[in-house]
Amino acid sequence: MADFLITRIVPLDPPTRQGRALLLAAFDVEIAGLRLRNCFLVNRKDKGFKIFGPSHHVAFHGALAREMKNAARAAYEALDRP
């Protein structure tokens, strides 16, 4: 199990389309004392849910990416949205 904490999640209202991707929410995460702000939860019709770091220089892979994606998705779905 990867050690991280999602400290903030904010839905994009309305979600923003970029090509085939639909940006659903921005979130902040802490990993081993490192805080990353403005990561994104994205839904792509062809690839399902994915997460992206705050820039193209930051990428998440393997178990950490899967667990963080699942946590961000669960947090997004738990939000009280109109």
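These notes cover the structure that comes with them. (Residues numbered from 1 in each chain as written. Predicted model: local features only at pLDDT ≥ 70, side-chain atom pairs only at ≥ 80, totals over all residues. Heavy atoms only, no water.)

### Considerations on the sheet that holds strand β3 (residues 34-44)
Stated formally: Strands are labelled as partners when DSSP assigns at least two bridges between them. Numbering goes from the N terminus for both helices and strands, where a helix is a DSSP run of H or I of at least four residues and a strand is a run of E of at least two. Angles here are taken between N-to-C directions and fall from 0 to 180 degrees, while the axes themselves are lines fitted to C-alpha atoms, restricted in helices to the stretch in contact.
The sheet built from 4 strands is open, its strands ordered β1-β2-β3-β4 with antiparallel pairing. Two strands in the sheet have a free side with no partner beyond their single neighbour: β1 (4-18) and β4 (48-52). With strand direction ignored, the average angle separating the axes of adjacent strands in the sheet is 20 degrees. Looking at chain direction, strand β2 (residues 21-31) and β3 are connected through 9 bridges and run antiparallel.

### A closer look at the nonpolar core
Put simply, the rule is: By nonpolar core is meant a set of buried Ala, Val, Leu, Ile, Met, Phe, Trp, Tyr and Cys residues that side-chain atoms within 4.5 Å join together. For the exposure calls, accessible area comes from a 1.4 Å probe over protein chains only, and a residue counts as buried if that area is under 20% of its type's maximum, exposed if over 50%, partly exposed in between. Any two residues having at least one pair of non-hydrogen atoms within 4.5 Å are treated as being in contact.
Membership of the largest hydrophobic core comes to 18 residues, with the highest contact counts inside it found for F27, V29, I31, L41, I51, F60 and M68. Of all the secondary-structure elements, those providing two or more residues to this core are β1, β2, β3, β4 and α1 (62-78). No other element matches the 5 residues that β2 contributes to this core. Apart from the residues within four sequence positions on either side, V29 is in contact with F4, L5, I6, T7, L34, R35, L36, C39 and M68.

### Quick word on the layout of surface pockets
To be explicit about the condition: Only protein atoms enter the calculation, which uses a 1 Å grid: trapped sets of points that fit a 1.4 Å probe without letting it out are cavities, open sets showing protein on both sides within 12 Å along at least five of seven lines are pockets, and any residue with an atom within 4 Å of a point is a lining residue. Grid points are joined across faces, edges and corners, and a volume is the space filled by probe spheres set on the points.
Here the largest pocket is characterised by a volume of approximately 220 Å³. In this structure, the largest pocket is lined by 14 residues; those nearest its centre are K50, I51, F52, F60 and A65. Counting only elements with at least two residues in the lining of the largest pocket, the list comes to β4 and α1. At 4 residues, β4 tops the list of elements feeding residues into the lining of the largest pocket.

### Points about the pattern of salt bridges
So the rule is basically this: We define a salt bridge as a side-chain nitrogen of Lys or Arg found within 4 Å of a carboxyl oxygen belonging to Asp or Glu.
The final tally for this structure, using the stated rule, is 5 salt bridges. R8 is the partner of D28 in a salt bridge, and the nearest nitrogen-oxygen pair spans 2.9 Å. Of this pair, D28 sits in strand β2 while R8 sits in strand β1; the two residues are 20 residues apart in sequence, bridging distant segments of the chain. You can call R8 partly exposed: its relative accessible area is 33%. Its salt-bridge partner being R35, residue E30 comes within 3.1 Å of it at the nearest N-O pair. Judged by relative accessible area, which is 27%, E30 ranks as partly exposed. A relative accessible area of 47% means that R35 is categorised as partly exposed. Here the salt bridges share partners, and the residues they tie into one network are R20, R44 and D46.

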